[in-house]
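# Structure assessment
Okay, here's what each chain looks like letter by letter:
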Amino acid sequence: MRTQVAIIGAGPAGLLLGQLLHRHGIDNIIIEKHTPEHVLSRIRAGVIEQVAVDLIDEAGVGARMRRDGLVHHGTQFCVDGVRHRFDFRELTGKSVMVYGQTEITKDLMDGRAAAGLPTDYAAYDVALHNIFGAHPTVTYRGDGRSHQVECDFIAGCDGFHGVSRKSVPSGAIKTYERIYPFGWLGLLTDRPPVSDELIYVRHELGFALCSMRSPTRSRYYLQVSLADDINDWPDERFWDELRLRLDGKANADLVDGPALEKSIAPLRSFVAEPMRFGRLLLAGDAAHIVPPTGAKGLNLAASDVRYLSQALVERYKENSDIGLDHYSARALARVWKAERFSWWMTTLLHTFPDGQFEQKMQSAELDYLFKSRSAAAAFAENYVGLPF
Ligand code: APR
Ligand code: PHB
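Definitions and limits used
- Residues numbered from 1 in each chain as written.
- Chains lettered and ligands numbered in written order.
- Predicted model: local features only at pLDDT ≥ 70, side-chain atom pairs only at ≥ 80, totals over all residues.
- Heavy atoms only, no water.
- Helix = DSSP H or I, 4+ residues; strand = E, 2+ residues; numbered from the N terminus.
- Expected span 1.5 Å × (residues − 1).
- Buried < 20%, exposed > 50% of the residue type's maximum accessible area, 1.4 Å probe, protein only.
- Arc of directions from axis to C-beta.
- Pairing = 2+ DSSP bridges.
- Axes fitted to C-alpha atoms, helices over the stretch in contact; angles between N-to-C directions.
- Polar contact = N/O pair within 3.5 Å; in protein donor to acceptor, adjacent residues only side chain to side chain.
- Contact = heavy atoms within 4.5 Å.
- Near = heavy atom within 4 Å.
- Areas by Shrake-Rupley, 256 points an atom, 1.4 Å probe, with all protein chains shown as cover.
- Nonpolar A, V, L, I, M, F, W, Y, C, P; charged D, E, K, R; others polar.
- Phe/Tyr/Trp six-rings, centres within 6.5 Å; stacked < 30°, edge-to-face > 60°.
- Lys NZ or Arg CZ within 6 Å of the ring centre and 35° of its normal.

## A word on helix α11 (residues 356-371)
With 16 residues, α11 extends 23 Å between its outermost C-alpha atoms, agreeing within 8% with the 22 Å of an ideal straight helix rising 1.5 Å per residue. By the burial criterion, the buried members of α11 are Gln362, Leu366 and Leu369. Buried residues of α11 fall within an arc of 60° about the axis and therefore sit on the same side. Seen from the buried face of α11, the exposed residues on the opposite side, beyond 90 degrees, are Gln356, Phe357, Lys360, Tyr368 and Lys371.

## Some remarks on the sheet that holds strand β9 (residues 124-129)
Across the sheet, which stays open at both edges, the three strands sit in the order β9-β10-β11 with antiparallel pairing between neighbours. The open sheet terminates on both sides in strands that have one partner only, identified here as β9 and β11 (145-150). Here the strands of the sheet are splayed against their neighbours by 15° on average, with no regard to which way each runs. Judged from the six bridges that link them, strand β10 (residues 137-142) and β11 form a sheet pairing that is antiparallel. Its bridge partner being in β11, Gly142 is matched across the sheet by Arg145.

## Describing the side chain of Glu197
Relative to the helices and strands, Glu197 is located in the loop between β13 (174-189) and β14 (199-202). A polar atom in the side chain of Glu197 sits 3.0 Å from the side chain of Gln76. Here Arg85 takes part through its side chain, which lies 2.7 Å from a polar atom of the side chain of Glu197. When neighbours within four sequence positions are excluded, Glu197 is seen to be in contact with His72, His73, Gly74, Thr75, Gln76, Arg85, Cys210 and Met212.

## Some details on the site of ligand 2
As a matter of local geometry, ligand 2 sits amid 14 residues, with Tyr200, Ser211, Arg213, Tyr221 and Gly294 nearest to it. The separation between an oxygen atom of ligand 2 and a polar side-chain atom of Ser211 is 2.5 Å. Across the complex, the protein chains shield 100% of the 280 Å² of accessible surface that ligand 2 would expose by itself. Considered class by class, the residues forming the shell around ligand 2 number nine nonpolar, four polar and one charged.

## Observations regarding the packing of aromatic side chains
In this structure the tally under the stated criterion is 23 aromatic pairs. Geometrically, the ring pair formed by Phe182 and Phe352 is edge-to-face, given 5.2 Å between the ring centres and 75° between the ring planes. On the criterion of sequence distance, the pair formed by Phe182 in strand β13 and Phe352 in the loop between α10 (322-349) and α11 is long-range, its members being 170 residues apart. Given a relative accessible area of 2%, Phe182 falls into the buried group. Given a relative accessible area of 24%, Phe352 falls into the partly exposed group. In this structure an aromatic cluster arises from ring pairing among Phe77, Phe86, Phe88, Trp184, Tyr200, Phe207, Tyr221, Phe341, Trp344, Phe370, Phe379 and Tyr383. One cation-aromatic arrangement involves Arg279 over Phe153; the distance from NZ or CZ to the ring centre is 4.9 Å.

Dropping the structure here:
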């Protein structure tokens, strides 16, 4: 097989890139390790920045998001039982879209199928060859056969555990990492959300988050110990613990219900530099991870894909390598700002072991955030998304 761009991974980054390239007449094939059902079973965050919403529209798959997504003009913090609201429109003139990442993935998969574009699911033993040469190839197995794809470029969109970043010689890459000393226990339920806006909760028992997927489906999170097992958390214990961390009004408004999904995720900050190695270009979680506080993961994948698709369009349509040469630096400039914001929001709202001084810093920073319009505007500007 021969294509212009071989894309490894059918998560949001790979699928969005494939759709944007197709709209510019650039051939691509996606090679994905899992089945479509498995890809769609993963529950992830659901707050989309305006710039990412615009890109999803540009890819031609925004109709359902525009119809079913919830536009949020603000968010709330609940600190030791007291609520504070940040009004995005007043502070920034912008808003965000609440729409599940799983739904975006589904819309992108449907768009790809409708356009008749090739995707090889359930591919295993995926390997990248000759990334520093003029003719890279990707080999893999699937359907009981061996496959080889010849291409001009490989887009490594295969997430944190993928093969792409691992294919780079270790001396060519530098990584930066922080692992946080707690996890997030998430629960999805078919019950109306406790509030029509997200509530980020800072409490001495630990962080909590009240989020949603639709007017009838809510998503809640609790900060838990990394030593906890999901079996330690039957639904009743989850709801009891959440109630302890919420204020009186949220307690009165909370409607609990059986979990559709429940899982514990670790929190990590990670960046690999650079994001280009010869003809291999990394995008999304393959190159960087943010802790989920602030929901920047999908949004960063979208901004990488925007820079990368533009660079490839310039390569094929204008015969210019300038975009490709600048891809890594342009993407990383935005990545590091989102890393800073996600780290800051995580540090501000979670309980840290042995952190008496840090706790005082959190309180001082929160008080400043609630009293200073400039501080609130800086928070809101980052939350709704920095410009590309
Ligand atoms: N070969 C092919 N595909 C692979 C391989 C491999 N060796 N390893 C992993 N994959 C696939 C995964 O099965 C997954 O479908 O690559 C895809 C990567 O998707 P994501 O992990 O969703 O990463 P990305 O598309 O960069 O999305 C970034 O979505 O996953 C969230 O937390 C993430 O919010 C962030 C955003
Ligand atoms: C979510 O709905 O899953 C979500 C929302 C906001 C966050 C993180 C996760 O900051």
